[in-house]
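# Coordinates in review
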Amino acid sequence: RLRGGLIVVEVALASALLVGAGLLVRTALYLGTVEPGFRPHGLLSARLSLPPGVYDGPAASSAAFERVVSSLQAMPGVEAAAVVTSVPLSNWQASNGLVPEGKTFDPENRINSLLRVTTPGYLQAMGLKLLQGRFIDATDVAGSERVMVVSRALAKAAFPGQDPIGKRIDCCEGGPEHTVWKTVVGVVEDVHTEGPAGRIQPEFYLPLTQAPPLSWQWTQQTMSVVARSSEGDASRL
């Protein structure tokens with residue numbers, strides 16, 4: 001009887017293990033088919049901090065990072081390069097509450113979205129898919145019209161059933177008493193920032209040269225550098 005009982009227990013445990021293994025394989029196969037929203041192959045990223053006290057003010061910090069990008073773009077084997085406040089799958093992510101034009105500045109109207117301040121080459125370096133309009137480019141400088149690029153999820157949340165291009169959103173500076181509108185000039189595909197199993201979050205992108213002055217304080221003059229290999233192998237960079 002004891003031997004028979006042990007056999008029953010062993011069979012039950014083996015069946016449970018087989019079911020668990022099957023579910024694990026199915027999950028792994030599913031996650032392998034999820035598009036992350038960017039092209040990870042051939043991509044290299046690193047965090048870079050400017051020495052404290054050396055670069056005085058936002059303009060000097062912005063110019064320093066732009067020189068880094070120019071140097072990377074000139075390197076053999078680099079297809080595209082950029083700097084950004086944070087890359088997907090990293091531990092450091094910043095968010096902000098956005099209010100679309102036409103909505104009151106009430107908590108229920110704020111759309112919490114991930115913020116990325118970046119240089120123009122980020123679209124190409126990360127392999128983001130542009131759905132509408134354009135990405136940030138060299139014309140988006142301080143003193144020109146403030147612009148932003150939004151993700152598909154943010155466009156849907158802010159302007160459901162509408163074309164978001166040309167519409168305006170208040171974010172990152174200003175407020176109810178002093179709105180600082182940014183015009184939507186482009187829409188990009190959503191990115192799985194938290195990994196393949198993570199939920200999609202609204203995101204938006206601002207030009208480095210138009211970054212709010214306070215952003216240099218909360219970033220502590222630290223950015224992520226990204227570069228894409230023209231040969232599809234980041235180890236060659």
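Quick notes on the rules
Residues numbered from 1 in each chain as written. Predicted model: local features only at pLDDT ≥ 70, side-chain atom pairs only at ≥ 80, totals over all residues. Heavy atoms only, no water. Core = buried A, V, L, I, M, F, W, Y, C linked by side-chain atoms within 4.5 Å. Buried < 20%, exposed > 50% of the residue type's maximum accessible area, 1.4 Å probe, protein only. Helix = DSSP H or I, 4+ residues; strand = E, 2+ residues; numbered from the N terminus. Contact = heavy atoms within 4.5 Å. 1 Å grid on protein atoms, 1.4 Å probe; cavity = no way out; pocket = protein on both sides within 12 Å on 5 of 7 lines; lining within 4 Å. Points joined across faces, edges and corners; volume = space filled by probe spheres on them. Nonpolar A, V, L, I, M, F, W, Y, C, P; charged D, E, K, R; others polar. pLDDT = per-residue confidence, 0-100. Pairing = 2+ DSSP bridges.

On to the nonpolar core. Formed by 30 residues in total, the largest nonpolar core has its most connected members in Met148, Val150, Ile169 and Phe204. In terms of residue count, the dominant contributor to this core is helix α2 (residues 58–73) (4 residues). Beyond its immediate chain neighbours, meaning those up to four positions away, Phe204 contacts Asn96, Leu98, Ser113, Leu114, Leu115, Arg116, Met148, Val149, Val150, Leu154, Cys171 and Cys172. Grouped together as the second largest cluster of nonpolar side chains are 20 residues, Phe38, Val84, Leu123 and Ala125 included.

Moving on, we come to empty space enclosed by the protein. Tallied over the entire structure, the rule returns 1 cavity of 30 Å³ or more. Lining the largest cavity are Thr85, Val117, Leu208, Ala211, Ser215, Trp216, Thr219 and Met223. Looking at the lining of the largest cavity residue by residue, the classes come out as 5 nonpolar, 3 polar and no charged.

A few words now on the layout of surface pockets. Its boundaries defined by the atoms lining it, the largest pocket holds a volume of some 180 Å³. In terms of lining, the largest pocket is formed by 15 residues, of which the most central are Glu66, Thr119, Pro120, Ala138 and Thr209. A total of 4 residues in the lining of the largest pocket trace back to one element, the largest contributor, which is α2.

By the element assignment, Gln201 lies in the loop between β8 (179–188) and β9 (203–207). According to the relative accessible area criterion, Gln201 is buried, its value standing at 14%. In contact with Gln201, not counting residues within four places along its chain, are Leu114, Ser151, Ala153 and Glu194.

Let us look at the confidence of the model for the protein. With 81% of its residues at a pLDDT of at least 70, the protein reaches an overall mean of 81. Low confidence marks residues 18–33, where pLDDT is under 50. Its contacts with residues over four positions away, or in another chain, come to 2 contacts.

It is worth spelling out unusual backbone geometry at this point. The backbone phi angle of Gln221 is positive, close to 55°, even though this residue is not glycine. Mapped onto the fold, Gln221 is located in the loop between α5 (215–218) and β10 (222–229).

Attention now goes to the environment of Pro51. With respect to the helices, strands and loops of the structure, Pro51 is situated in the loop between β1 (43–49) and α2. What makes Pro51 partly exposed here is its relative accessible area of 39%. Along the sequence, Pro51 and Gln221 sit 170 residues apart, while their C-alpha atoms lie 8.2 Å from each other.

The next subject is the pairing of β9. Of all 5 residues making up β9, 5 are buried, and the element is well covered by its neighbours. Both faces of β9 are covered, namely the face carrying Glu203, Tyr205 and Pro207 and the face carrying Phe204 and Leu206. As paired elements, strand β4 (residues 111–118) and β9 share 5 bridges and run parallel to each other. Along β9, the bridge assignment pairs Val117 with Leu206.

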